[in-house]
Amino acid sequence: MKKVFIDCGYNKGEVSKEFYQKLGDSFEYIAFEANPYLYEEYKDKNSFVKLENKAVWVEDSVIDMYVVVVDKYNKKNPFTGASTLMKEKSKWNMKSHKKEEITKVQAFDFSKFILDNFDQNDEIIIKLDVEGAEYCILEKMIKTGSSSYINKLYVEFHDEKTGLSQKKIVEELKKQKVELYRWR
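Participant: Can you walk me through the sheet that holds strand β9 (residues 179-182) in this structure?
Facilitator: Sheet strands pair via backbone hydrogen bonds, and the direction of the pair is either parallel or antiparallel. Across the sheet, which stays open at both edges, the 6 strands sit in the order β3-β2-β1-β7-β8-β9 with parallel pairing between neighbours. At either margin of the open sheet sits one strand with a lone partner, and together these are β3 (49-52) and β9. Each strand of the sheet is rotated relative to its neighbour by a mean of 15°, with strand direction disregarded.

Participant: What is the right way to look at the nonpolar core in this model?
Facilitator: As a rule of thumb, nonpolar side chains are buried together in soluble globular proteins. Membership of the largest hydrophobic core comes to 43 residues, with the highest contact counts inside it found for Ile6, Phe110, Ile126, Ile137 and Leu153. Formed by 15 residues, the second largest nonpolar core is a distinct cluster that contains Phe5, Val15, Val49 and Leu51.

Participant: How should the packing of aromatic side chains be read in this particular structure?
Facilitator: Here a ring pair, both rings aromatic, is described through the centre-centre distance and the interplanar angle of the planes. Counted under the stated rule, the structure contains 14 aromatic pairs. Taken together, a centroid distance of 6.2 Å and an interplanar angle of 75° make the contact between phenylalanine 108 and phenylalanine 110 edge-to-face. Residue classification places phenylalanine 108 among the buried positions, given a relative accessible area of 8%. Between tyrosine 154 and tyrosine 181, the aromatic rings sit 4.7 Å apart at their centres with planes inclined by 15°, giving stacked as the arrangement. Placement of the pair is tyrosine 154 in strand β8 (residues 152-155) and tyrosine 181 in strand β9, with a sequence separation of 27 residues. Judged by its relative accessible area of 13%, tyrosine 154 is buried. Through successive ring pairs, a cluster of aromatic residues spans Phe5, Phe19, Tyr20, Tyr29, Phe48, Tyr154 and Tyr181. Taking the ring centre of phenylalanine 19 as reference, the NZ or CZ of lysine 22 above it sits at 4.8 Å.

Participant: For this particular structure, what's the right way to read the side chain of serine 83?
Facilitator: Within the secondary structure layout, serine 83 lies in the loop between β5 (61-70) and α3 (87-93). Polar side-chain contacts of serine 83 include one of 3.4 Å to the side chain of asparagine 35. At a separation of 3.0 Å, a polar atom in the side chain of serine 83 contacts the main-chain amide nitrogen of valine 68.

Participant: Where do I start with helix α4 (residues 110-117) in this structure?
Facilitator: It helps to recall that an α-helix has 3.6 residues per turn; residues three or four apart then point in one direction. Looking only at α4, the buried set comprises Phe110, Ser111, Phe113 and Ile114. Here the buried residues of α4 occupy an arc of 160° about the axis, which is enough to place them on one side. Looking at the buried residues of α4, the elements they touch are β1 (3-8), β2 (28-32), β4 (55-57), β6 (99-109), β7 (123-128) and α5 (134-144). Two or three places before serine 111, at the opening of α4, aspartate 109 has a side-chain oxygen 3.1 Å from that residue's backbone nitrogen.

What counts, and where the lines are drawn
Residues numbered from 1 in each chain as written. Predicted model: local features only at pLDDT ≥ 70, side-chain atom pairs only at ≥ 80, totals over all residues. Heavy atoms only, no water. Pairing = 2+ DSSP bridges. Helix = DSSP H or I, 4+ residues; strand = E, 2+ residues; numbered from the N terminus. Axes fitted to C-alpha atoms, helices over the stretch in contact; angles between N-to-C directions. Core = buried A, V, L, I, M, F, W, Y, C linked by side-chain atoms within 4.5 Å. Buried < 20%, exposed > 50% of the residue type's maximum accessible area, 1.4 Å probe, protein only. Phe/Tyr/Trp six-rings, centres within 6.5 Å; stacked < 30°, edge-to-face > 60°. Lys NZ or Arg CZ within 6 Å of the ring centre and 35° of its normal. Polar contact = N/O pair within 3.5 Å; in protein donor to acceptor, adjacent residues only side chain to side chain. Arc of directions from axis to C-beta. Contact = heavy atoms within 4.5 Å.

Rendered as structure tokens:
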């Protein structure tokens, strides 16, 4: 049986470190960060994490990422954590932030990743903070059954920033007995 913590939306690595301090060495730590600025700045922060510069998504592809590069304080800052794959979330970001750039990023099918690398006997803990992409990702995971592999899911939903609703997703995850926690 594998024990794994998967950090989707690694950002600056604080969450991986927090879970490492809580769970210890008995877990494998895997993380994904799509924002190329965050990845480059923080890729060497936590030696216990296998970090990849990829976007968690619903298919293997190269896609647009809307990267905030000038923050709401008019400061050059590509490290806000608000960058997104979702156009609606990007529109919301631009209500307060000053500038974004569209960057092509490598994305991968997260559902397939789970199905190909784990089984239902593994202990899988996931933190999913992907700035609006969580709806598409979780809907696909529910459809493929990969969501049933998850023991604990810490997720930040962005309903008000995307115009989407978490209600059906949450109901389906509860039916599958996924322990669901709201992330920050």
